[in-house]
Amino acid sequence: MVEPKKLNLPLSREDVAGLRAGDALLLSGPLFTSRDAGHMRIMEALEETGQLPYGLEGQTIFYAGPTPASAGRPLGAVGPTTAGRMDFAAPALYRAGVVASIGKGSRGAEVTRACVETGSVYLCSVGGCAALLAKCVTDAQTVAWEDLGTEALRRLEVVDFPCFVATDTQGNDVYAQVIEAGSR
């Protein structure tokens, strides 16, 4: 078994350039959470100002809606949501400076093209293990849009957060590879 690559957040374009689809990663550092409603507001702010709000440039966005603190941890659970729901925003956010996103499931062709064009990556995490992933979170702070509840923009501090490279900067996509292998 290949050991996961340990990377510190925030990731740079240089950090992700050498990653390949299928690589296992352990991420440590700041990570932002946002889902559908939060992405709508990020896009509104980007369209109004031409810049990403709240220091999101150069950051990684985790498509998740964390639950409140529990069991002595900053969050009770934090699992990935279906990434395809954020396809409407991902290309623009990558172009504006987001380096990586984390979710579950496949992405559309426009997201893959944006990864290649911008040198960004889409990372995937395993669904169904939200309580386990919450154990990687050492701090959680609401940054904006508290009125959105679990979909508010949050900044998490994570240690050894497990994920995989789903789409790399070369356009290689693990989901497409699995489908292709299954059709042989």
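This write-up is about the structure you can find in this document. (Residues numbered from 1 in each chain as written. Predicted model: local features only at pLDDT ≥ 70, side-chain atom pairs only at ≥ 80, totals over all residues. Heavy atoms only, no water.)

### Some points on the overall build of the protein chain
Then, number 1: Scanning the protein chain from N- to C-terminus turns up six helices and seven strands.
Then, number 2: Ordering the α and β elements of the protein chain from the N terminus gives β-α-β-α-β-α-β-α-β-α-β-β-α.
Then, number 3: Here the C-alpha atoms of the protein chain give a radius of gyration of 15 Å, agreeing with the 16 Å that 2.2 N^0.38 yields for 184 residues.
Then, number 4: Its C-alpha atoms put the protein chain at 45 × 40 × 30 Å along the principal axes.
Then, number 5: By the burial criterion, 49% of the 184 residues in the protein chain qualify as buried.
Then, number 6: Across the protein chain, every contact between residues at least 6 apart in sequence was considered, and the portion connecting residues at least 24 apart equals 63%.
Then, number 7: Put simply, the protein chain shows about 8,400 Å² of open surface, and 53% of that area lies on carbon and sulfur atoms. (Helix = DSSP H or I, 4+ residues; strand = E, 2+ residues; numbered from the N terminus. Rg over C-alpha atoms; globule rule 2.2 N^0.38 Å. Buried < 20%, exposed > 50% of the residue type's maximum accessible area, 1.4 Å probe, protein only. Contact = heavy atoms within 4.5 Å. Areas by Shrake-Rupley, 256 points an atom, 1.4 Å probe, with all protein chains shown as cover.)

### Structural notes on the side chain of Thr118
Then, number 1: Inspection of the secondary structure puts Thr118 in helix α4 (residues 109-118).
Then, number 2: Side-chain polar atoms of Thr118 contact the side chain of Ser120, separated by 2.7 Å. (Polar contact = N/O pair within 3.5 Å; in protein donor to acceptor, adjacent residues only side chain to side chain.)

### Focus on the pairing of strand β5 (residues 121-124)
Then, number 1: Here β5 shows a buried face lined by Val121 and Leu123 and a second buried face lined by Tyr122 and Cys124.
Then, number 2: Relative to β5, strand β4 (residues 100-103) is paired through four bridges, and the arrangement is parallel. Its bridge partner lying in β5, Ser101 is registered against Tyr122.
Then, number 3: Between the parallel elements β4 and β5, the chain passes through α4 in a crossover that is right-handed.
Then, number 4: As judged from the three bridges shared by β5 and strand β7 (residues 153-167), these two strands associate in the antiparallel manner. Among the inter-strand pairings, Leu123 is bridged to a residue of β7, identified as Val165. (Pairing = 2+ DSSP bridges. Right-handed = clockwise from strand over helix to strand, strands pointing away.)

### What about the pattern of salt bridges?
Then, number 1: Scanning the model with the defined rule gives eight salt bridges in all.
Then, number 2: Note that Asp23 is salt-bridged to Lys5, the shortest N-O span being 3.1 Å. Separated by 18 residues along the polypeptide, Asp23 in the loop between α1 (13-17) and β2 (24-33) and Lys5 in strand β1 (residues 5-8) bring together distant segments of the chain.
Then, number 3: For Asp23, a relative accessible area of 18% translates into the label buried. (Salt bridge = Lys/Arg side-chain N within 4 Å of Asp/Glu carboxyl O.)

### Things to note about α4
Then, number 1: Taken residue by residue, α4 has Val111, Thr112, Ala114, Cys115 and Thr118 as its buried positions. For α4, the angular spread of the buried residues around the axis is 160 degrees, confining them to a single face.
Then, number 2: Next to the buried residues of α4 lie α1, α3 (90-96), β5 and β7. (Arc of directions from axis to C-beta.)

### Quick word on the state of the cysteines
Then, number 1: In total, this model carries zero disulfides according to the counting rule given.
Then, number 2: No disulfide involves Cys163; its sulfur sits 7.6 Å from that of Cys124, the nearest cysteine.
Then, number 3: Judged by its relative accessible area of 1%, Cys163 falls in the buried class. (Disulfide = S-S within 2.5 Å.)

### Description of the packing of aromatic side chains
Then, number 1: Here the structure, examined in full by the defined rule, presents two aromatic pairs.
Then, number 2: Between Tyr54 and Trp145 the ring centres are 5.4 Å apart and the planes differ by 85 degrees, which places this aromatic pair in the edge-to-face class. Placement of Tyr54 in the loop between α2 (36-49) and β3 (60-62) and of Trp145 in the loop between β6 (137-144) and β7 is noted, with a sequence separation of 91 residues between them.
Then, number 3: Judged by relative accessible area, Trp145 falls into the buried class, the value being 16%.
Then, number 4: Taken together, a centroid distance of 5.1 Å and an interplanar angle of 70 degrees make the contact between Phe62 and Phe161 edge-to-face. In this pair, Phe62 is assigned in strand β3 and Phe161 in strand β7, connecting sequence segments 99 residues apart.
Then, number 5: Under the relative-accessibility criterion, Phe62 is labelled buried at 0%.
Then, number 6: Stacked on the ring of Tyr122, the Lys or Arg Arg107 has its end atom at 4.7 Å from the ring centre. (Phe/Tyr/Trp six-rings, centres within 6.5 Å; stacked < 30°, edge-to-face > 60°. Lys NZ or Arg CZ within 6 Å of the ring centre and 35° of its normal.)

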